[in-house]
Amino acid sequence: ETGVTQSPTHLIKTRGQQVTLRCSSQSGHNTVSWYQQALGQGPQFIFQYYREEENGRGNFPPRFSGLQFPNYSSELNVNALELDDSALYLCASSSTGDSYEQYFGPGTRLTVT
Amino acid sequence: AQRVTQPEKLLSVFKGAPVELKCNYSYSGSPELFWYVQYSRQRLQLLLRHISRESIKGFTADLNKGETSFHLKKPFAQEEDSAMYYCATFSGGYNKLIFGAGTRLAVHP
């Protein structure tokens, strides 16, 4: 069974740029959730995708957008980067058959300068 | 809005001592509550959930609706328990997890 993977591991961007983060869900999982974890804080829900459709969104502006592909992998896109977007971005996959447990990836560390 | 509060940023104990990591929630209904753990250089993982009433790695957590608490307990801490612990709850009809800020448990030899 392959776990959740994320790429890249870390990256540095400049304020105003755009970034795309990628996530491959665990085998058999059809739901992907994205979280932002600022330093010293718990993860905050950004949005969730289920069968290629957005299935709920947290308190994040529209410049945070996402996609889910037919193989259930997912992308998180952030436009017009701000310094406060610097954080660890976590992806979690789950299955509607076992909807309580989310399996997290290792995260992508984004630094905005 | 639902909220999870972990009042302690750091809990430092000696090996063999009892551990209690505090978690309080705000929710008027029947919440689904979880404890997630992150060991050093490892990914966030589920430790236990209140509906299963399991004991994982010696940890237990009881839901107290009167006090709106879901404290994590272990009678005898081990050095390998040192990690970040997050209390979390579901929000809404989908699997949106709301996390507390986390408590770092440091178990000293």
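Above: the structure in question.
Residues numbered from 1 in each chain as written. Chains lettered and ligands numbered in written order. Predicted model: local features only at pLDDT ≥ 70, side-chain atom pairs only at ≥ 80, totals over all residues. Heavy atoms only, no water.

Enquirer: Kindly report on the environment of D84 of chain A, identifying the contributing residues and their values.
Expert: Residues and elements named next belong to chain A. Structurally, D84 is set in the loop between strand 8 (74-78) and strand 9 (87-94). Here D84 falls in the exposed class, since its relative accessible area comes to 67%. In sequence terms D84 and V112 are 28 residues apart; their C-alpha atoms lie 7.7 Å from each other. (Helix = DSSP H or I, 4+ residues; strand = E, 2+ residues; numbered from the N terminus. Buried < 20%, exposed > 50% of the residue type's maximum accessible area, 1.4 Å probe, protein only.)

Enquirer: Give a description of the side chain of Q36 of chain A that names residues and reports values.
Expert: All names here are of chain A. One can find Q36 in strand 4 (residues 31-37). Side chain to side chain, Q36 and Y89 meet in a polar contact 2.9 Å long. Not counting chain neighbours up to four residues away, the residues in contact with Q36 comprise G42, P43, Q44, I46, F60, F64, D84, D85, A87, L88 and Y89. (Polar contact = N/O pair within 3.5 Å; in protein donor to acceptor, adjacent residues only side chain to side chain. Contact = heavy atoms within 4.5 Å.)

Enquirer: Tell me about the interface of chain A and chain B, and name the residues and values.
Expert: Contacts between chain A and chain B engage 24 residues on the former and 18 residues on the latter. Across the pair R49 of chain B and E101 of chain A runs a salt bridge whose closest N-O atoms are separated by 3.9 Å. The tally of links between chain A and chain B comes to 4 residue pairs in polar contact (both at pLDDT 80 or more). At the level of secondary structure, the elements contributing two or more residues to the side of chain A that touches chain B comprise strand 4, strand 5 (44-50), strand 6 (53-57) and strand 9 of chain A. Grouping the constituent residues of the side of chain A that touches chain B by class yields 8 nonpolar, 13 polar and 3 charged. (Salt bridge = Lys/Arg side-chain N within 4 Å of Asp/Glu carboxyl O. Nonpolar A, V, L, I, M, F, W, Y, C, P; charged D, E, K, R; others polar.)

Enquirer: Got a sec to walk through the state of the cysteines? Specific residues and values, please.
Expert: All names here are of chain A. What the rule picks out here adds up to 2 disulfides over all chains. The disulfide that involves C23 links it to C91, with 1.7 Å between the sulfurs. A torsion of -50° about the S-S bond marks the disulfide between C23 and C91 as left-handed. Residue C23 is located in strand 3 (residues 19-24), and its partner C91 is located in strand 9; the two are separated by 68 residues in the primary sequence. One exposure class covers both C23 and C91, and it is buried. (Disulfide = S-S within 2.5 Å.)

Enquirer: Mind laying out the layout of surface pockets, listing which residues take part and the relevant values?
Expert: Gaps left between atoms show up when a probe the size of a water molecule is rolled over them. Here the largest pocket defines a volume of roughly 390 Å³. Those elements giving two or more residues to the lining of the largest pocket turn out to be strand 9 (83-91) and strand 11 (103-108) of chain B. No other element matches the 3 residues that strand 9 of chain B contributes to the lining of the largest pocket. Counted by class, the lining of the largest pocket contains 6 nonpolar, 7 polar and 4 charged residues. Looking at the second largest pocket, its volume works out to about 330 Å³. What lines the second largest pocket is a set of 17 residues, and nearest its centre among them are P43, Q44 and F45 of chain A together with I98 and F99 of chain B. Among the secondary structure elements, those contributing two or more residues to the lining of the second largest pocket are strand 4 and strand 5 of chain A together with strand 10 (96-99) of chain B. (1 Å grid on protein atoms, 1.4 Å probe; cavity = no way out; pocket = protein on both sides within 12 Å on 5 of 7 lines; lining within 4 Å. Points joined across faces, edges and corners; volume = space filled by probe spheres on them.)

Enquirer: So, the environment of P43 of chain A: which residues are in play, and what are the values?
Expert: By the secondary structure assignment, P43 of chain A is in the loop between strand 4 and strand 5. We classify P43 of chain A as buried; its relative accessible area is 3%. As for P43 of chain A and F60 of chain A, which are separated by 17 residues in sequence, their C-alpha atoms are 13 Å apart. What P43 of chain A contacts, discounting residues up to four positions off in sequence, is Y35, Q36, Q37 and L90 of chain A together with L44, Y86 and F99 of chain B.

Enquirer: Could you give an account of the packing of aromatic side chains, with specific residues and numbers?
Expert: Per the counting criterion, the structure on display carries 12 aromatic pairs over all chains. Here F60 of chain A and F64 of chain A contribute two aromatic rings whose centre-to-centre distance is 5.1 Å and whose plane-to-plane angle is 65°, an arrangement assigned as edge-to-face. Each member of the pair, F60 of chain A as well as F64 of chain A, carries the same accessibility label: buried. When the ring of F59 of chain B is compared with that of Y85 of chain B, the centres are 5.6 Å apart and the planes differ by 50°; the resulting orientation is tilted. Placement of F59 of chain B in the loop between strand 6 (45-49) and strand 7 (60-61) and of Y85 of chain B in strand 9 is noted, with a sequence separation of 26 residues between them. Across the pair, Y85 of chain B and F59 of chain B agree in class, each one buried. (Phe/Tyr/Trp six-rings, centres within 6.5 Å; stacked < 30°, edge-to-face > 60°.)

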